[in-house]
Structures are given as structure tokens and as C-alpha cells.
Amino acid sequence: MINLITAPRGTYDIMPDRALVWQWMESTIRQVLLSYGYGEIRTPIFEHTELFQRGIGETTDIVEKEMYTFADQGKRSITLRPEGTAPVVRAYIEHKLYGVAPVTKLFYLGPMFRQERPQAGRFRQFHQFGVEMIGAESPVADAEVILLAHDLYHQLGLTDLEIHLNSVGCAQCRQAYKTALTSTLEAVADELCTTCRLRLDRNPLRLLDCKSPSCQAAVSKVPPIQDYLCPDCDHHFKGVLALLDQVKVKYKLSPKLVRGLDYYSRTVFEIINHDLGAQNALCGGGRYDGLVEACGGPAVPGVGFASGIERLLTTLEQKGKLPELSGAPQLFVLPLGEQLTAVAFELATSLRRQGFFVELGNGTKSLKAQLKSAHKSGAALTVIIGEDEWQAQQVTVKIMGDGSQKRIAAAELQKEIASLISPLGKKYQ
RNA sequence: GUGGGCGUAGCUCAGCUGGUUAGAGCGCCAGGUUGUGGCCCUGGAGGUCGAGGGUUCAAAUCCCUUCGUUCACCCCA
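These lines cover the structure that appears in this document, whether it is placed above or below. (Residues numbered from 1 in each chain as written. Chains lettered and ligands numbered in written order. Predicted model: local features only at pLDDT ≥ 70, side-chain atom pairs only at ≥ 80, totals over all residues. Heavy atoms only, no water.)

### Observations regarding the overall build of chain A
And then number 1: For chain A, the helix and strand inventory stands at 15 helices and 16 strands.
And then number 2: Its C-alpha atoms give chain A principal-axis dimensions of roughly 95 × 55 × 45 Å.
And then number 3: By residue count, 48% of the 429 residues in chain A fall in the buried class.
And then number 4: Intrachain contacts of chain A at a sequence separation of at least 6 include 69% that bridge at least 24 residues.
And then number 5: Carbon together with sulfur atoms contributes 53% to the accessible area of chain A, which is approximately 21,600 Å² in total.
And then number 6: Chain A carries 47 positive and 47 negative side-chain charges, and their two centres are separated by 3 Å. (Helix = DSSP H or I, 4+ residues; strand = E, 2+ residues; numbered from the N terminus. Buried < 20%, exposed > 50% of the residue type's maximum accessible area, 1.4 Å probe, protein only. Contact = heavy atoms within 4.5 Å. Areas by Shrake-Rupley, 256 points an atom, 1.4 Å probe, with all protein chains shown as cover. Lys, Arg positive; Asp, Glu negative; His and termini not counted. Charge placed at Lys NZ, Arg CZ, Asp CG, Glu CD.)

### A few points about the side chain of glutamate 270
And then number 1: Mapped onto the fold, glutamate 270 is located in strand S9 (residues 265-272).
And then number 2: Glutamate 270 gets classed as buried once you look at its relative accessible area, which sits at 17%.
And then number 3: The contact partners of glutamate 270, leaving out residues within four places of it in the chain, are Glu162, Ile163, His164, Leu257, Arg259, Ala281, Cys283 and Gly284.

### Topic: the sheet that holds strand S6 (residues 125-134)
And then number 1: The sheet built from 8 strands is open, its strands ordered S1-S5-S6-S11-S10-S9-S7-S8 with mixed pairing. Only two strands of the sheet have a single partner each, and these edge strands are strand S1 (39-40) and strand S8 (252-253).
And then number 2: The pairing of S9 with strand S10 (residues 281-287) spans 6 bridges and is antiparallel. Counted as the bridge partner of glutamate 270 is glycine 284 from S10. (Pairing = 2+ DSSP bridges.)

### Digging into the pattern of salt bridges
Note on pairing: side chains with opposite charge can pair once their charged atoms come close.
And then number 1: Overall, the coordinates contain 17 salt bridges when judged by the stated rule.
And then number 2: A salt bridge links lysine 319 to aspartate 275, with the nearest nitrogen and oxygen atoms 3.7 Å apart. Taken as a pair, lysine 319 in the loop between helix H11 (309-318) and strand S12 (331-335) and aspartate 275 in the loop between S9 and S10 lie far apart in primary sequence, 44 residues in all.
And then number 3: Judged by relative accessible area, lysine 319 falls into the partly exposed class, the value being 24%.
And then number 4: Where salt bridges share partners, they join Arg30, Glu40 and Arg42 into one cluster. (Salt bridge = Lys/Arg side-chain N within 4 Å of Asp/Glu carboxyl O.)

### Quick notes on the nonpolar core
And then number 1: Grouped together as the largest cluster of nonpolar side chains are 49 residues, with contacts concentrated most on Val89, Ile134 and Leu185.
And then number 2: For this core, the element with the most residues is helix H4 (residues 85-94), which contributes 6 residues.
And then number 3: Not counting the four nearest positions on each side in its chain, valine 89 is found in contact with Ile134, Tyr288, Leu291, Val292 and Cys295.
And then number 4: Core analysis: the second largest hydrophobic core is formed by 43 residues, Val32, Tyr38, Ala136 and Phe269 among them. (Core = buried A, V, L, I, M, F, W, Y, C linked by side-chain atoms within 4.5 Å.)

### With respect to the environment of glycine 277
And then number 1: Position of glycine 277 relative to the elements: it lies in the loop between S9 and S10.
And then number 2: A relative accessible area of 41% places glycine 277 in the partly exposed class.
And then number 3: Placed 124 residues apart in sequence, glycine 277 and tyrosine 153 show a C-alpha to C-alpha distance of 19 Å.

### A short note on the protein's contact with RNA strand B
And then number 1: Near RNA strand B you find 48 residues, and of these Arg114, Arg122, Arg199, Arg259 and Gly260 are the closest.
And then number 2: Within the contact set of RNA strand B, a base oxygen lies 3.3 Å away from a side-chain nitrogen or oxygen of glutamate 116.
And then number 3: Within the backbone of glycine 403, one N or O atom sits 3.1 Å away from a base oxygen of RNA strand B.
And then number 4: Every element with two or more residues in the surface near RNA strand B is listed here: helix H3 (61-66), S6, S10, strand S11 (302-308), helix H13 (367-377) and helix H14 (387-391).
And then number 5: Here the element with the most residues in the surface near RNA strand B is H13; it accounts for 6 residues.
And then number 6: Among the residues forming the surface near RNA strand B, the class breakdown is 14 nonpolar, 12 polar and 22 charged. (Near = heavy atom within 4 Å. Polar contact = N/O pair within 3.5 Å; in protein donor to acceptor, adjacent residues only side chain to side chain. Nonpolar A, V, L, I, M, F, W, Y, C, P; charged D, E, K, R; others polar.)

### Digging into helix H15 (residues 413-420)
And then number 1: Along H15, the residues that are buried comprise Leu413, Glu416 and Ile417. When H15 is viewed along its axis, its buried side chains cluster within an angular range of 95 degrees and face the same direction. Away from its buried face by more than 90 degrees, H15 exposes Lys415, Ala418 and Ser419. (Arc of directions from axis to C-beta.)

### Focus: the sheet that holds strand S14 (residues 381-385)
And then number 1: Here 5 strands make up an open sheet; going across it, the order is S13-S12-S14-S15-S16 and the pairing mixed. Two strands close off the open sheet at either side, each with one partner strand: strand S13 (358-360) and strand S16 (405-409). Along the sheet, successive strands turn relative to each other by an average axial angle of 25 degrees, direction set aside.
And then number 2: Where S12 and S14 come together, 5 bridges link them in parallel fashion. Bridging across to S14, leucine 334 finds its partner in isoleucine 384.
And then number 3: Its contacts with the sheet put H13 on S12, S14 and strand S15 (394-399), and the angle it makes with S12 is roughly 170 degrees.
And then number 4: Set on the sheet, H15 makes contact with S12, S14, S15 and S16; between it and S15 the angle comes to about 10 degrees. (Axes fitted to C-alpha atoms, helices over the stretch in contact; angles between N-to-C directions.)

### Focus: the environment of glutamate 359
And then number 1: Looking at where glutamate 359 falls in the secondary structure, it is placed in strand S13.
And then number 2: Sequence spacing of glutamate 359 and proline 16 is 343 residues, and the spatial spacing of their C-alpha atoms is 16 Å.

### Quick look at the packing of helix H1 (residues 16-35) against H11
And then number 1: At a closest axis distance of 11 Å, the pairing of H1 and H11 adopts a crossing angle of 105 degrees. It follows from the interaxial angle that H1 and H11 lie roughly perpendicular. Between H1, through Arg18, Val21, Trp22, Trp24, Met25 and Ile29, and H11, the contact on the second element is made entirely by Ile309, Glu310, Leu312, Leu313, Leu316 and Glu317.
And then number 2: Class assignment of the residues belonging to the contact of H1 with H11 gives a composition of 9 nonpolar, no polar and 3 charged. (Parallel < 35°, antiparallel > 145°, perpendicular 65-115°, else oblique.)

Below, the structure is given as C-alpha cells:
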């Protein structure tokens, strides 16, 4: 074995059994989001690099060190999408959706790419679904988006997750808070960790959720951001909380939750599963009132979230909420001897055209070996075509569950099968 | 990018302080039944012990390097 080529670091193959779970997951998500009035949008997997630089923010970790960026043959700088919001906003502007309706509700689902060191719950190619409600300013929109995430998880059977909430204010009040942070913390700059010292003038808000004890101690001297919210932002945030209270959804206020993307304003939130390991956020999102304008569109507000599908699957698995899914055929057609292979092939084809899921046995193998395959395949019924019965234009139908079987005329087979099972697929000619 | 754990059969793993042809369970294939699966029994195939180098009479075992993987930090879904 020389130079075995494996899937690149941080990527993985979804094998057939697992793909069943993904299909279920994706269709469940789509169904719920459609029922909440969101339309699916499928944007390209790659975009012009500038979109993310402008949209996510030059000083974010994603843009600084995590993007898969390359020059295409026309020397354009291209980046595999690291997140979904910026592309959706780009498409929203490009298709002038702001002129179609005051509020646009979109969702996406697909792979994202970030060049980080993999660990539990983190991959280089991972999958997210997310919703974006663009054009709505009211706290109702924030609450609705949070509720959507909450209800979707609930529908999947996840009822004990924590919602963490905060407001990071608008550009004005955030600036006031940043100034307060910087002036207080500069005095104790030597107590901060090296990255936080850099953050001090680059992105002081990020100091808040640093885990280093000394940084935590320093930060605790600064009053929470709530104290700096302007009246409008304060009112907005309280409005969101009141709506959540009204529908009796529990949340935790996390004054230190700031999130890493530059575009957030006012409401930010995360939904956490503590059993997930270090990367425990199932979804994260918030309001991004300045983003559409920053990307070259009109000054319309927006709110949304992104949810990690791998983490969702892990959580469902942990809590035993994944459904039992089977890719098993319904019927196993078993030719006894090579000379009957063509007959079996014809029968299998005809049954498939009626919508049955059919597996065909290998006629060169013994009955015993083929029955073993049939058993392993999970088929409910096995149709045995052997010399004896075929000479009399008969076949044997065996019910795998209890082992019972009977010989019937080949002409009666369709009727016999129909009396036992119904096709899982569609009939076609 | 930094730090720790782990790389032995398809899978999960044993293999003590270096010592003959490297093992188990499961899985796979075949047989026990000239045409009957699941349970049982018997047999078989399958490993250059991640790779490279070093120490030694002798290395899966000790040392170095490297690659992969995993967990954590940073950050995030």
C-alpha cells in the first residue's frame, strides 16, 4: 500500500447508511422552514473573496486565517464560502428582492468551508442550514427567528437546550461601550493575555468571552453592555425578551456573548448543548442591520441564524432521537443456477418498474449463500426461481420474517406480492 | 498556528519490563444439508504492526524523525 489517498483533513465521507440519516435530516429541516414561510435559496459554493472580506469583516478570524481562497484561471480571487449569510445578502441585493416585498424570508442548507484544526464538532467542510429574514426591524422578527430555531429543535425532539441571549447594540452605542472597555482595560493591559492585548484596539468586544482567568477578572470590572445601550436598542432588546416571555420560552441572558462576526448588531443569540464538548453551539445568530448596506444594497435590516448540521446530528444521536432508517430492498429475487439469471433479471426489472425496491441474487452461488445475502439485505420477501419450479412455470415466495414459503404459478406472482407488501417507490413504464 | 492522547486483520482491540511461524472477538468466504437464511459447529482467506531512519545477536515493543488521526487552546456551526 503506497501513498493511500484519504479524504482531506477535516473532511469525511457520508457512507450509504449515514446518508439515510442526512436525507431524513435535510428533508425535515426543509419541511419545517417551508412551513414557517421561508423559501430555499441555493447560492454558489464559492464567491468572490471581497464578499466575505466586506461582509464578515477583515479582522475576524474567519477572514484572517480560515478561508479557502485561491485564484481562478482568470486571476480572480475566489473563496469557498465559510458561512451563508453574506452570499444570501449578495443574492438578495443582486436580484433586487428589496423591491419585491418589504420582508424577504430565505433559508439555505449546504456545505461551508473553514480551514481550522479539526476537533470534536468542527470540520473543514461542514454543513449548515440557516435562515435570513431581511427587511424586518421589529423585535417580533428577532423573536420569531429565535423561536423558529427553538421550535425546529423541539420538533426534532430536543427539549432541553439552552438559549443564550444578548444585545450588542447598534453602531453608536456599541462604540460608546467599546470606548469604555478600552479605557478601563488599557490601564490593566499587562494582565491580559497576548491575543487580548491585540484585541484591545482591533476588536475590544471580543475580550468579553475570552476564557483566560486574568482577562475574565479584568473584564468583570467593566459594567455590562446593557448599561450602554441607547434608548432605541434598549427598547428593542426588551421587546424581544418580552415576546419570548409571552410564549414561555426560557432563555439565559449572557452579557458576554458577542459572537465573532462583525456584522451583528443588537440581538445576538446561541443555542447550546452542553454535552457536545468544547464546540457546543448548535446554532448562532442575531441581527445584522448594517450588512445589506455594507454589501452595496439599500439600508435594510436583517436577522437570522446558522445551525450546524453535524452538531445537530451528534446531539440527536446522543439523546437517542435519530429515527431507525433502512435502505433495505423489499424483495430479493434469487435465481438458482446461472441459466436462470436472465429470467430473474427480467422479473426484477419488472418488479422495479412497479415501484418495488428489488435486489437481484447471484445465480452462480448456492441457494444457501444467496439466502444468506437475502437475509443480510433485509428484504421482506425472497422470490426463489429454481429449476424445479421454473419447469412448471412456478416460483417460490418466501417470507423472510417467519421463514414460511409457498410455490405459486409465475403468473400469480404479482398478485401474491401485492397482497403482502406495497411498493415504496413510484410505478413507471 | 500551539499542546496532549492514539496509529497492530474490514471493524473493535489484546500483545507485561525487546526473544521462535503477531493473537482474540465480530465481520467476510466455504463446508456441515446434491435446493433453504437467522442459532450452532468446523475450516479458510486477510496484517511489509502508519511510514522512514537508528540502537541491538534480535524491535509491534526502546530512541529519533515524519505522516495521519483525535481531543483541547484560539475561534466558531
